[in-house]
Amino acid sequence: MLQRVDAEVSGRRTPPPLPRELVDAVNWLAARCQRSHRNAMAGVEIVVGEAREFPQPRDFAYCTAAPQITVRPTLHEQAKHRIRAVLAHEFAHAYLLQHGVAHTERQCDALANVMFGVVIRYDRDDTQTLSTRGVAPRPSRLA
Ligand SMILES: [Zn+2]
């Protein structure tokens with residue numbers, strides 16, 4: 001309620017609520033998150049972006065130092081293993097960005113694995129997955 005009032009006063013548009021599938025994935029990750037990383041996770045804003053921000057089929061999310069995770073409009077329609085892995089990877093980016101740590105994508109996955117007690121793998125679409133049918137570490141052909 002307070003957020004809505006603030007938005008009206010400042011003229012900002014109140015962001016729509018996140019799809020339930022994304023909230024469920026965030027809650028699943030929060031329940032698994034190491035105590036030492038929980039504050040960093042809580043400070044991250046998640047917003048649904050626009051389709052044009054995700055030109056490659058394998059692009060489902062990106063993270064900025066705000067810290068803010070922007071997700072593809074169709075992320076919530078994906079398999080649970082994909083949603084959880086994509087968000088885990090982005091939360092690790094958020095943590096590293098908040099701490100000013102330069103890092104590679106593989107280092108990001110390694111942190112996500114520790115933060116959430118998971119193994120980030122890559123499926124045949126080169127997208128993150130928690131399915132054991134994926135491959136790890138991240139294929140070197142990916143940026
Ligand atoms: Zn990444």
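Coordinates for the structure precede this section.
Treat the numbers as computed from the prediction; the structure is a model and nothing was measured.

**Focus: the overall build of the protein chain**
(1) Moving on: Looking only at helices and strands, the protein chain has five helices and five strands in total.
(2) Moving on: Along the chain direction, N to C, the helices and strands of the protein chain fall in the order α-α-α-β-β-β-α-α-β-β.
(3) Moving on: Here the C-alpha coordinates of the protein chain stretch approximately 50 × 35 × 25 Å along the principal axes.
(4) Moving on: Sorting the 143 residues of the protein chain into buried and exposed places 31% on the buried side.
(5) Moving on: Within the protein chain, contacts between residues at least 6 apart in sequence are counted, and of these 52% link residues at least 24 apart.

**Quick look at the nonpolar core**
(1) Moving on: Ranked by internal contacts, the top residues of the largest apolar core, which has 31 residues, are Ala88, Phe91 and Ala112.
(2) Moving on: Secondary structure elements with two or more residues in this core: helix 2 (20-32), helix 3 (35-42), strand 2 (61-64), strand 3 (68-71), helix 4 (80-98) and helix 5 (105-116).

**Structural notes on the packing of helix 3 against helix 4**
(1) Moving on: Two elements in contact, helix 3 and helix 4, have axes separated by 9 Å at closest approach and are oriented at 90°. It follows that helix 3 is roughly perpendicular to helix 4 by the angle criterion. Only Phe91, Ala94, Tyr95 and Gln98 of helix 4 make contact with helix 3, whose side of the interface consists of His37, Ala40 and Met41.
(2) Moving on: Class assignment for the residues of the contact of helix 3 with helix 4 results in five nonpolar, two polar and no charged.

**Focus on the sheet that holds strand 1 (residues 45-48)**
(1) Moving on: Judged by pairing direction, the sheet is mixed, and its three strands sit side by side in the order 1-3-2 without closing on themselves. Edge positions in the sheet fall to strand 1 and strand 2, since each has one partner strand and no second. Going from strand to strand, the sheet's axes swing by 20° on average, the running direction of each strand aside.
(2) Moving on: Of the pairings in the sheet, the one linking strand 2 to strand 3 comprises four bridges and is antiparallel in character. By the bridge assignment for strand 3, Thr64 is matched with Gln68.

**As for the packing of helix 4 against helix 5**
When two helices pack together, their arrangement is given by the angle between their axes and by how far apart the axes lie.
(1) Moving on: Their axes nearest at 8 Å, the elements helix 4 and helix 5 cross at an angle of 105°. In terms of orientation, helix 4 and helix 5 fall into the roughly perpendicular class. Contacts between helix 4 and helix 5 involve Ala88, His89, Phe91, Ala92, His93, Tyr95 and Leu96 on the former and, on the latter, Cys108, Asp109, Leu111, Ala112, Met115 and Phe116.
(2) Moving on: Among the residues making up the contact of helix 4 with helix 5, the classes are represented as 10 nonpolar, two polar and one charged.

**Observations concerning the environment of Ala61**
(1) Moving on: Note on placement: Ala61 falls in strand 2.
(2) Moving on: Residue Ala61 is classed as buried on the basis of its 21 C-beta neighbours within 10 Å.
(3) Moving on: Spatially, the C-alpha atom of Ala61 lies 18 Å from that of Val119, the residues being 58 residues apart in sequence.
(4) Moving on: Ignoring any residue separated from it by four or fewer positions in sequence, one finds Ala61 in contact with Ile69, Thr70, Val71, Arg72, Leu75, Val86 and Glu90.

Analysis parameters
Residues numbered from 1 in each chain as written. Predicted model: local features only at pLDDT ≥ 70, side-chain atom pairs only at ≥ 80, totals over all residues. Helix = DSSP H or I, 4+ residues; strand = E, 2+ residues; numbered from the N terminus. Buried ≥ 20, exposed ≤ 12 C-beta atoms within 10 Å, placed from the backbone. Contact = placed C-beta atoms within 7 Å. Core = buried A, V, L, I, M, F, W, Y, C linked by C-beta atoms within 7 Å. Axes fitted to C-alpha atoms, helices over the stretch in contact; angles between N-to-C directions. Parallel < 35°, antiparallel > 145°, perpendicular 65-115°, else oblique. Nonpolar A, V, L, I, M, F, W, Y, C, P; charged D, E, K, R; others polar. Pairing = 2+ DSSP bridges.

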